[in-house]
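# Observations on chain architecture
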Amino acid sequence: MADRSTATPDIYDAAAVASAEAVSDAAIKHLLEGVGGRRGVIVTAPAGAGKSFLVATAVERARARGLRVAVAAPTNEQAFGLVRTIATRYCAEGKDRSVTFVPASTVTLPDPVRELQGVREEKSKEANGQNLVVGTLSKLGDAFARGDLGTFDVLLIDEAYQADSAKYFAVGGLAPVHLLVGDSGQISPFATVADPGRWRGLPEDPLQTAVGVLRHNHPSTRVHELPITRRLDARATTIARLFYPGLRFDAAVLLGVRELRLGRGGRRQNRLDAVLDMAAGHGWAHVELPRAAVLQADPEALALITDLVGRLFDRSPNVRCERVPALAALPPERVAVGVCHNDQKDQLRAALDARGLDRVVVETANKLQGLEYEVVFVWHPLSGLPEADEFHLDPGRLCVLLTRHRQACVIVGRNGDRELLDDRPPPPTSAFLGWDPDPLLDGWETHSEVFAALEHYRLGVR
């Protein structure tokens, strides 16, 4: 795999980068060795490991062998990103190279992606003769079922932990050799069926992840683990590792390379500035409002987050990093607020717009998956809840919220949130034969560990 990071060894951890390169090379080699037979290969990785880059490298090497390649992802946004990455990496190397996006009837590529060299957008019947196609799992699965797409030599699936097994079954026949790449800490697929438990533990359970169903039915499938995060720096990995038990990884970027520098911003506002100074200096701040059971769209939490974001920009924030070595102004679109519910998002959107901060991103954890920002503000899932439930304890949701940032993460909750876990036992949960994960109990343990790790960055607000 081409080295992206070792040109400036004073910026990157050379050992971590070399280890990640070796794992990527081994996974792609293992994949290509299976061509002509039937093989599945899994690559699991932490947040920001460079998964799409690995997929693009696998595309390049498979096409160099003359193989026909299909690439899929769960969502349109992820598919757009894959087209962009492949076009930048693969198509730019020669005018005879192309990548074809297969859209759903109401979907089209964003203009900046469509205009890249080598990018095509064609309906599935027209794309049938192309050697490299990209689409969502749903679209490629439908096209294959109708006979609009023939078979390929290799199928690559990005964000495979977000893909449910039903969609994986639909595309599985596209090729005999599969590479599944994904982040095991992400939010798992969800269902709208009335009784999803009836399928639990069965080999054909449609609510398993694509990775889960492959490992369940083919336990000898080789799993490669990427031991690196390029998004998070060393200040963040201690907490991030809590979401990936058994997966050892290190930060690619060395300490001190990234910096969030804040100006004075006029008269000091002690309660807000203490939080921002903590985040800028340590990469984390966990600020707690007084204990209270509150509405889902807690007005005090909403006001505090709005004030913190506003105060951040009052202080003329500048950032530097391995990409931009000199200090430069932090653009508002590189700041995000992560929440769990749409009513929280809507009210925060209105409040920030009223402050002239309409370019700051506000989204739910589900929509933030796969994205990264310089600074992230998080409305803690357990903030002010009268009791913890499976949705708010989901470890994947907390993982997404706490692993989107490159510079700093500020978490807003309430004093007493941790007592939802410390002062009472977890509620009983259903057990299913042949089904090990338990989102509620797993989340209970993960949230407890994260609260303990955040203790060093805990601040009260009066």
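All of these numbers come straight from a predicted model, not from anything done at the bench. Within any chain, residue numbers begin from 1 and follow the written order of that chain's sequence. Only residues with pLDDT of 70 or above have their local features reported here, since the model is predicted, and side-chain atom pairs are shown and tallied only from 80 upward, although totals for entire chains, interfaces and linings are computed over all residues. With hydrogens and water set aside, each side-chain value is computed from the structure's full complement of heavy atoms.

### So, the packing of helix H11 (residues 299-314) against helix H12 (residues 342-354)
Rule in force here: To obtain an axis, a line is fitted to C-alpha atoms, over the contacting stretch when the element is a helix, and the angle between two such axes runs from 0 to 180 degrees between their N-to-C directions. Elements are defined by DSSP. Helices are runs of H or I of four residues or more, strands are runs of E of two residues or more, and each kind is numbered from the N terminus. Reported orientations rely on four angle classes, namely roughly parallel under 35 degrees, roughly antiparallel over 145, roughly perpendicular from 65 to 115, and oblique for the rest. We call a crossing left-handed when the near helix sits turned anticlockwise from the far one by less than a right angle, and right-handed when that turn is clockwise. Two residues qualify as a contact provided that any one of their heavy atoms is within 4.5 Å of a heavy atom in the partner residue. Classification convention: Asp, Glu, Lys, Arg as charged; Ala, Val, Leu, Ile, Met, Phe, Trp, Tyr, Cys, Pro as nonpolar; all other residues, Gly among them, as polar.
Direction vectors running N to C along H11 and H12 enclose 40°, while the axes themselves pass 10 Å from each other. In terms of orientation, H11 and H12 fall into the oblique class. In this structure, H11 meets H12 at a crossing whose hand is right-handed. When H11 is examined against H12, the residues Leu-302, Ile-305, Thr-306 and Val-309 are found in contact with a partner set consisting of Gln-347, Leu-348, Ala-351 and Leu-352. Across the contact of H11 with H12, the residue classes break down as 6 nonpolar, 2 polar and no charged.

### Regarding the pattern of salt bridges
Stated precisely, the cut-off is as follows: Salt bridges are counted wherever a side-chain nitrogen of Lys or Arg sits within 4 Å of a carboxyl oxygen of Asp or Glu. Type-normalised accessible area, obtained with a 1.4 Å probe on protein chains alone, sets the label of each residue: buried when under 20%, exposed when over 50%, and partly exposed for intermediate values.
Evaluated as defined, the whole model comprises 37 salt bridges. Close ionic contact of Arg-97 with Glu-60 constitutes a salt bridge, the shortest N to O distance being 3.9 Å. Of this pair, Arg-97 sits in the loop between helix H3 (76-89) and strand S3 (99-101) while Glu-60 sits in helix H2 (residues 51-64), placing them 37 residues apart in sequence. Given a relative accessible area of 26%, Arg-97 falls into the partly exposed group. A relative accessible area of 22% places Glu-60 in the partly exposed class. When salt bridges that share partners are traced, they join Arg-258, Glu-322, Arg-334, Glu-374 and Arg-406 into one network.

### What to know about H2
Using the following cut-off: To estimate how far a helix should extend, the number of its residues minus one is multiplied by 1.5 Å.
End to end, H2 covers 20 Å across 14 residues, agreeing with the expected 20 Å (1.5 Å per residue, within 8%). Among the residues making up H2, those that are buried are Lys-51, Phe-53, Leu-54, Val-55, Ala-56, Thr-57, Ala-58, Val-59, Ala-62 and Arg-63. In the segment just after H2, Gly-66 is the residue with positive phi, at about 80°.

### What to know about the sheet that holds strand S13 (residues 318-320)
Here is the rule we go by: Strands pair, by our definition, only if DSSP identifies at least two bridges between them.
Here we have 3 strands laid out as an open sheet, ordered S11-S13-S14, and antiparallel in their pairing. Looking at the sheet topology across the chains shown, the edges are occupied by strand S11 (259-261) and strand S14 (328-329). Bridge count between S13 and S14: 2 bridges; the pairing is antiparallel. Of the residues in S14, the one forming a bridge with Asn-318 is Ala-329.

### Topic: helix H6 (residues 137-146)
For H6, the full list of buried residues reads Leu-137, Lys-139, Leu-140, Gly-141 and Ala-143. Its buried side turned inward, H6 meets strand S2 (69-73), helix H5 (124-127), strand S5 (132-136), strand S6 (154-157) and helix H7 (165-171). Directly beyond the C-terminal end of H6, a positive phi value near 85° is found at Gly-147.

### A few points about the packing of aromatic side chains
Note the following rule: Whether two aromatic rings pair depends on their centres lying within 6.5 Å, for rings of Phe, Tyr and Trp, where Trp uses its six-membered ring; planes under 30 degrees apart make the pair stacked, over 60 edge-to-face, and the rest tilted. Whether a charge sits over a ring depends on NZ of Lys or CZ of Arg being within 6 Å of the ring centre and within 35 degrees of the ring normal.
Applying the stated criterion across every chain, the model contains 2 aromatic pairs. Judged by centre distance (5.6 Å) and plane angle (90°), the ring pair of Tyr-244 and Phe-249 falls under edge-to-face. Taken as a pair, Tyr-244 and Phe-249 share a single burial class, namely buried. One residue, Arg-89, lies across the ring of Phe-53, its end atom 4.3 Å from the ring centre. In this structure, Arg-241 is placed above the aromatic ring of Phe-249, and the distance from its NZ or CZ to the ring centre is 5.9 Å.

### Focus on the pairing of strand S18 (residues 405-414)
Side-chain direction in a regular strand flips from residue to residue, so the side chains alternate between the two faces of the sheet. S18 sits mainly inside the fold: 10 of its 10 residues count as buried. Here strand S12 (residues 284-289) pairs with S18 via 6 bridges, running parallel. Paired with Ala-285 across the bridge in S18 is Val-410. Where strand S17 (residues 373-379) meets S18, 6 bridges bridge the pair, whose relative direction is parallel. In the strand pairing of S18, Val-378 is matched with Ile-411.

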